[in-house]
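Secondary and tertiary structure notes
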There are 2 protein chains.
Amino acid sequence: MKPITQKEHSFLDTVVKEIFPQDTSYREQATAHLEQLTMPHWALGDLMDLAVDLAGMTRSLKPPVERKTVVVMVGDHGVTEEGVSKYPSEVTAQMVYNFVAGGAGINALAKQAGAKVEVVDMGTAADLDDLVSKGVIRSKKIAFGTNNIAKGPAMSRTHAVLAVEAGIEVAYALADQVDIFATGDMGIGNTTPSTAIAAVLTGSSVRDLTGRGTGLDDGELERKIKIIEKILEVNHPDKDDALDVLAKVGGFEIGGIAGLILGAAARRKPVVVDGFISTAGALIAQGIEPFTRDYIICAHRSMEPGHRAMQEKLGKKPLLDLNLRLGEGTGAALSLNLVEASRAILTEVATFADAGVTGTPE
Amino acid sequence: MKPITQKEHSFLDTVVKEIFPQDTSYREQATAHLEQLTMPHWALGDLMDLAVDLAGMTRSLKPPVERKTVVVMVGDHGVTEEGVSKYPSEVTAQMVYNFVAGGAGINALAKQAGAKVEVVDMGTAADLDDLVSKGVIRSKKIAFGTNNIAKGPAMSRTHAVLAVEAGIEVAYALADQVDIFATGDMGIGNTTPSTAIAAVLTGSSVRDLTGRGTGLDDGELERKIKIIEKILEVNHPDKDDALDVLAKVGGFEIGGIAGLILGAAARRKPVVVDGFISTAGALIAQGIEPFTRDYIICAHRSMEPGHRAMQEKLGKKPLLDLNLRLGEGTGAALSLNLVEASRAILTEVATFADAGVTGTPE
């Protein structure tokens, strides 16, 4: 377990100590049961692998996954002043109002999956107090957006720790009413810090990792690559210190996502990680405590080219590959039905013996 | 439109005449709406493509997909006497009892997706009259299994037409209570006829197409390849005559699946095509009437190596790729939630104008 440098943050330190690997005994029991189901051996492939994971995560052969919540972490990014996104920062707050009104992609897809949506202001540039006071979003606001990482660090190390701890607090506050978490993000410009995080933590080149985000053309893409290379030169984050990476080139919502994953893992709850930005958060969480990966389900492979390398760093194969590039938790919401299906395979299908079906000869 | 050779089969001929392409006007309206949603352009990728298809299939901007039925077509195969499967033919009927008892993979996954399961005996070797008289399965039995296609044709051309017509009848009988169909199959040995169909209709080699079915080892796989090559030599099916292909190297359940797809297309209902065997049925349907592909949604890419070439022949990209190799309609059931999600994107997400969100500049 990687020690937290700032010992005064005893909360994060304590949480990390509560994260253990999946339970091998439950994994083995689930595997043995799945091998007896009335179908050719492991014929439901990746969903049977996932069923074993669910048993190992939850320490149950009837892993609870019914109560589903997508947590959308929101933050703004000073680096937008470099022109890295086609949309202005104001859209971040506008989209929060859209989430609250139920009009965004995540609202439609979470509803289809029977999941709740929780929106958390981690660091929006706008004042969202009206929504906080109405109780329709949570505030864990660290600041009104990060600093421009093309010029210096995104945030102080203290703010990085606070962002991660805020994410853990959200997970803990919800844990009693949630069986499975899903991550989501909103933050104009956040593919830039996510790509920077990916470059540091996967070791891949910025050029190989950088994509068109919300729709950059060739010239804009080339400019974005140059900016991210500059970001890494200016900040030189320490790849062996995930909190340094978050502080130097991250974002508040990315820290919140990392914390949510840590909190879910500490409570032994599966956490479905959405797309490119959420996976950057997962890499931060993995850097803080590698066993978090035992609780992660990768929802989908996004269109961002760097996503593959990030998921390989987590050692995870995604469930879906649908050319999604929205974020908000939409890919995670889409995969929740597959998680429920995995549970159903484990709990509802008859064995050869039960059903009187002739099994495979030897 | 390809004429049906046997003009006495006026039912099939009539149905084929009722199959038209997707409606371009509804496709265009759906596209225009989706481009205005509060997200980067086409950010939900393949699910937006699917939403356009649903609008074009159903002639509606609120395409109905709520009432879902998986039709599991069942048949036996004389070719099992060549040792092409690890399981004996008796398992086909045993699995029908398992379906009826609710213990199979498809039962669990259809339930998760909120879909009904209809089991149709197209040509099981066993007598299933007890289940038919209880009303828990439908009988469209053409015969007690096909002939051994390693020695001669699977069935007469008349039986091939009857099998397809039986599938259409099932679609028509259910159409008033079903918004979206999903195909499924059960039939020990049926990867062998499906591979033979794929070889004829895609033009790929048997060696490239043949897989391990329910779990063959290297020697058994080599033997299966030799048998399928022999099947094609013995029967020389006419690649330009899908009914000839079905009669020579097909199966009753495969004909039923082809008919279900034709019937769904004639009634302008989307039909989710499951795995390797169902896709063989889809190729037969496409051979009878190419516009059927306008109503097909390919559920998943199975582990059988030939599946890719078959889906490319249909011109379709599958929604899922989860290393499934079960059949029964399980992959189709898993994808039904994604179809519902596509509809939700089309009908529930706010536009930039509605939500007061700043759109992309220009």
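All residue numbers refer to positions counted from 1 along the written sequence of the respective chain. Chain letters start at A and ligand numbers start at 1, both assigned in the order the entries are written. Only residues with pLDDT of 70 or above have their local features reported here, since the model is predicted, and side-chain atom pairs are shown and tallied only from 80 upward, although totals for entire chains, interfaces and linings are computed over all residues. To obtain the side-chain values, all non-hydrogen atoms of the structure were included, while hydrogens and water were left out.

A separate point is the overall build of chain A. Where helices and strands are cited, they refer to DSSP runs of H or I of at least four residues and of E of at least two residues respectively, numbered from the N terminus. Counting secondary structure elements, chain A contains 16 helices and six strands. Principal axes of the C-alpha set define a box for chain A whose edges measure 70 × 45 × 40 Å. For chain A, buried positions account for 65% of its 362 residues. Any two residues whose heavy atoms approach within 4.5 Å at even a single point are treated as in contact. Sequence-distant contacts, at least 24 apart, represent 75% of the contacts inside chain A between residues at least 6 apart. Of the roughly 12200 Å² of accessible surface on chain A, a fraction of 50% belongs to carbon and sulfur atoms. Distance between charge centroids for chain A: 1 Å, based on 36 positive and 47 negative side chains. Burial classes follow relative accessibility: with a 1.4 Å probe on protein chains only, a residue under 20% of its type's maximum area counts as buried, one over 50% as exposed, and anything between as partly exposed. Working definition of accessibility: Shrake-Rupley area with a 1.4 Å probe, residue cover restricted to the visible protein chains. Neither His nor the chain ends is counted toward charge; the positive residues are Lys and Arg and the negative residues Asp and Glu. Note that the charge is assigned to NZ on lysines, CZ on arginines, CG on aspartates and CD on glutamates.

Residues and elements named next belong to chain B. Strand order across the open sheet formed by six strands is β3-β2-β1-β4-β5-β6, with parallel pairing between neighbours. Every interior strand has two partners, whereas the edge strands, β3 (138-139) and β6 (296-298), have only one. Across eight bridges, the pairing between strand β1 (residues 68-75) and strand β2 (residues 115-123) is parallel. Bridging from a neighbouring strand, Thr69 pairs with Lys116 of β2. When DSSP finds at least two bridges between two strands, those strands are taken to pair.

Moving on to the sheet that holds strand β2 (residues 115-123) of chain A. Residues and elements named next belong to chain A. With respect to topology, six strands assemble into an open sheet ordered β3-β2-β1-β4-β5-β6, the strand pairing being parallel. Edge positions in the open sheet fall to β3 (138-139) and β6 (296-298), since each of these has one partner strand only. Strand direction decides the pairing type here: strand β5 (residues 271-273) and β6, joined by three bridges, are parallel. Its bridge partner being in β6, Val273 is matched across the sheet by Cys298. Packed on one face of the sheet, helix α12 (residues 252-266) meets β1 (68-75), β2, β4 (180-186), β5 and β6 and runs near 175° to β4. Lines fitted to C-alpha atoms define the axes, with helix axes restricted to the stretch in contact, and inter-axis angles between N-to-C directions lie between 0 and 180 degrees.

Among the seven residues of strand β4 (residues 180-186) of chain B, seven are classified as buried, and the element is accordingly described as predominantly covered. Here β4(B) shows no split at all, with Ile180(B), Ala182(B), Gly184(B) and Met186(B) on one side and Phe181(B), Thr183(B) and Asp185(B) on the other all buried.

To continue, consider the side chain of Thr38(B). Along the polypeptide, Thr38(B) turns up in the loop between α2 (24-34) and α3 (45-58). For Thr38(B), a relative accessible area of 1% corresponds to the buried category. For this analysis, a polar contact is any N or O atom pair within 3.5 Å, provided that within protein one partner can donate a hydrogen and the other can accept it, and provided that sequence-adjacent residues contribute only side-chain to side-chain pairs. Here the side chain of Thr38(B) touches Asn98(A) through a polar contact of 2.9 Å, side chain to side chain. Apart from residues lying up to four places away in sequence, Thr38(B) is in contact with Met95(A), Asn98(A), Gly103(A), Ala104(A), Glu328(A), Val349(B), Ala350(B), Thr351(B), Phe352(B), Ala355(B) and Val357(B).

Residues and elements named next belong to chain A. Unlike most non-glycine residues, Arg268 shows phi in positive territory, near 60°. Its location among the elements puts Arg268 in the loop between α12 and β5. The class for Arg268 is partly exposed, based on a relative accessible area of 37%. You will see that Glu328, though not glycine, has its phi angle at about 70°, which is positive. Looking at the secondary structure, you find Glu328 in the loop between α14 (307-314) and α15 (330-348).

Here we take up the domain arrangement of chain A. Residues and elements named next belong to chain A. An automatic or database domain assignment supplies the residue ranges for each domain. Structurally, chain A comprises domain 1 (10-62 + 346-355) and domain 2 (68-341). Each of domain 1 and domain 2 has a C-alpha centre, and the two are 28 Å apart. When domain 1 packs against domain 2, the two sides together hide about 2000 Å² of surface, and 69% of this comes from carbon and sulfur. The largest contributions to the domain 1 side of the interface with domain 2 come from Leu12, Ile19 and Met57, which together make up 32% of the buried area. One side-chain nitrogen of Lys or Arg within 4 Å of one carboxyl oxygen of Asp or Glu is enough to make a salt bridge. At the surface where domain 1 touches domain 2, the tally comes to one salt bridge. Two residues, Lys317 and Asp46, come together in a salt bridge whose shortest N-O distance is 2.3 Å. At the boundary of domain 1 and domain 2, one finds seven residue pairs in polar contact (both at pLDDT 80 or more). Once two parts are put together, the accessible area they lose, assessed with a 1.4 Å probe and summed over both, is termed the buried area.

Turning our eyes to something else, we now look at the relation of the copies chain B and chain A. When the copies are superposed, the least-squares fit draws on C-alpha atoms of residues that have pLDDT of at least 70 in both. You can overlay chain B on chain A at an RMSD of 0.0 Å; the transform is a turn of 180° with a shift of 0.0 Å along its axis. Taken together, these values place the two copies in the relation of a two-fold axis. Of the residues that chain B buries at the interface, 100% are likewise interface residues in chain A, meaning the two copies contact each other through the same surface.

Residue and element names in this part refer to chain A. Aromatic contacts are taken between Phe, Tyr and Trp rings whose centres are within 6.5 Å, Trp giving its six-membered ring; a plane angle under 30 degrees counts as stacked, one over 60 as edge-to-face, and the others as tilted. Counted under the stated rule, the structure contains two aromatic pairs over all chains. Between the aromatic rings of Phe11 and Tyr172, the centroid separation amounts to 6.1 Å while the plane-to-plane angle is 90°, which identifies the pairing as edge-to-face. In this pair, Phe11 is assigned in helix α1 (residues 10-17) and Tyr172 in helix α7 (residues 157-174), connecting sequence segments 161 residues apart. In this structure, Arg267 is placed above the aromatic ring of Tyr172, and the distance from its NZ or CZ to the ring centre is 4.0 Å. Geometrically, a lysine NZ or arginine CZ counts as sitting over a ring once it is within 6 Å of the ring centre and also within 35 degrees of the ring normal.

Moving on, we come to the packing of helix α8 (residues 191-202) of chain B against helix α13 (residues 276-288) of chain B. Residues and elements named next belong to chain B. Contact geometry of α8 with α13 gives a least axis separation of 9 Å together with a crossing angle of 40°. Classified by the angle their axes make, α8 and α13 are oblique. In the crossing of α8 with α13, the sense of the turn from one axis to the other is left-handed. Along its contact with α8, which presents Thr191, Ser194, Thr195, Ile197, Ala198, Leu201 and Thr202, the element α13 presents Phe276, Ile277, Ala280, Leu283 and Ile284. Roughly parallel refers to an angle under 35 degrees, roughly antiparallel to one over 145, roughly perpendicular to one between 65 and 115, and oblique to any angle outside these ranges. Two helices cross in a left-handed way if the nearer one is turned anticlockwise from the farther one by less than a right angle. They cross in a right-handed way if the turn is clockwise.

At the junction of the two partners, chain B supplies 55 residues and chain A supplies 55 residues. Contact with chain A buries area across many residues of chain B, yet Tyr87(B), Gln112(B) and Leu322(B) alone supply 13% of it, more than any other trio. Inspection of the region where chain B meets chain A yields two salt bridges. With its nearest N and O atoms 3.5 Å apart, the salt bridge here joins Glu348(B) to Lys111(A). Counting the contacts that link chain B with chain A gives 18 residue pairs in polar contact (both at pLDDT 80 or more). Put simply, the parts of the chain that give the side of chain B that touches chain A at least two residues each are α3, α4 (90-101), α5 (105-113), α15 (330-348) and α16 (352-355) of chain B. Among the elements that take part in the side of chain B that touches chain A, α15(B) stands out by supplying nine residues, more than any other.

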